Amino acid sequence: MATPRGIRNCNPLNIRRNGERFQGEVLPGSDRAFKQFQSMAYGYRAAFVILGSYLACGKNTIEKIVRSWAPPTENATESYIAHVAQNSGVARNKVLTANSGGDYRKIVAAMSRCECGVAANMSDVEAGFRMQSKIRG
C-alpha cells in the first residue's frame, strides 16, 4: 500500500499551497498542490493555527469547520462531517471555544484520519497542539 500523500508531505490535513506561511513549512515544496512540512508535528501545528483562525470567524463547530475545510464543490462534505463527529466523539454542532483544546485535538486527529485514511499518531497531534497558541485547554 502506498503511503498517503498527507503522510509523505507531513501535512496530515492536506493543507493546500497558498500565500500563507507556517512554522516548519518546507520552502520551496516539491508538491505542486499541497504544503509540505519538516515534521508531522509542524503539519498538525499549521492545522491548529488555521482552526484557531476559523474560530475567530465564527466557524466553531465540526459542521462549520468541515464545510469550510472540505467544501461540497470538492468533497463529500456531509460524509466528512459525520466521519469527524463519529471518530472524534464530539457532536457535529457542539460549540467550540478557544478553551476547547481537548475537543480540537480529537477533531484534528479525526480529520487527519479522513484525509489520509490512517489513524493519527496522537503524540504528533499533541506536539503540534503544544506548538501553537490560538487554542488552549
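Residues numbered from 1 in each chain as written. Predicted model: local features only at pLDDT ≥ 70, side-chain atom pairs only at ≥ 80, totals over all residues. Heavy atoms only, no water.

Colleague: Help me understand the overall build of the protein, please; the structure alone is not making it clear to me.
Modeller: When its secondary structure is counted, the protein shows six helices and zero strands. What you see in the protein, going N to C, is helices and strands ordered as α-α-α-α-α-α. Judged by the C-alpha coordinates and their principal axes, the protein covers about 35 × 30 × 25 Å. Residue pairs in contact within the protein that sit at least 24 positions apart in sequence constitute 57% of those at least 6 positions apart. Approximately 6800 Å² of the protein is accessible, and the part contributed by carbon and sulfur atoms is 49%. Here the protein holds 19 positive side-chain charges and 10 negative ones, and the gap between their average locations is 2 Å. (Helix = DSSP H or I, 4+ residues; strand = E, 2+ residues; numbered from the N terminus. Contact = heavy atoms within 4.5 Å. Areas by Shrake-Rupley, 256 points an atom, 1.4 Å probe, with all protein chains shown as cover. Lys, Arg positive; Asp, Glu negative; His and termini not counted. Charge placed at Lys NZ, Arg CZ, Asp CG, Glu CD.)

Colleague: What am I meant to see in the environment of Gln132 here?
Modeller: Counting through the fold element by element, Gln132 comes out in the segment after helix 6 (122-130). For Gln132, a relative accessible area of 9% gives the class buried. A distance of 2.9 Å separates a polar atom in the side chain of Gln132 from the backbone nitrogen of Lys134. A polar contact of 2.9 Å, which involves the side chain of Gln132, links it to the backbone oxygen of Ile135. (Buried < 20%, exposed > 50% of the residue type's maximum accessible area, 1.4 Å probe, protein only. Polar contact = N/O pair within 3.5 Å; in protein donor to acceptor, adjacent residues only side chain to side chain.)

Colleague: Please clarify how the packing of helix 2 (residues 40-56) against helix 5 (residues 101-116) should be interpreted in this entry.
Modeller: Axis angle and axis distance: for two packed helices, these are the angle between their axes and the distance between the axes, and together they describe the pair. Between helix 2 and helix 5, whose axes approach to 11 Å, the crossing angle comes to 120°. Where helix 2 crosses over helix 5, the handedness of that crossing is right-handed. Along the contact surface, helix 2 presents Tyr44, Phe48, Leu51 and Leu55, while helix 5 presents Tyr104, Arg105, Val108, Met111 and Ser112. Partitioning the contact of helix 2 with helix 5 into residue classes produces seven nonpolar, one polar and one charged. (Axes fitted to C-alpha atoms, helices over the stretch in contact; angles between N-to-C directions. Left-handed = near helix turned anticlockwise from the far one by under 90°. Nonpolar A, V, L, I, M, F, W, Y, C, P; charged D, E, K, R; others polar.)

Colleague: How should I be thinking about the layout of surface pockets in this particular structure?
Modeller: If a probe as big as a water molecule is rolled over the atoms, it shows which places are left empty. By volume, the largest pocket is sized at about 380 Å³. Around the largest pocket, the lining comprises 20 residues; the ones closest to its centre are Leu13, Asn14, Ile15, Arg16 and Trp69. Of all the elements in the fold, those that place two or more residues in the lining of the largest pocket are helix 2 and helix 3 (62-69). Element by element, the count of residues in the lining of the largest pocket is highest for helix 2, at three residues. A class-by-class count of the residues in the lining of the largest pocket yields ten nonpolar, five polar and five charged. (1 Å grid on protein atoms, 1.4 Å probe; cavity = no way out; pocket = protein on both sides within 12 Å on 5 of 7 lines; lining within 4 Å. Points joined across faces, edges and corners; volume = space filled by probe spheres on them.)

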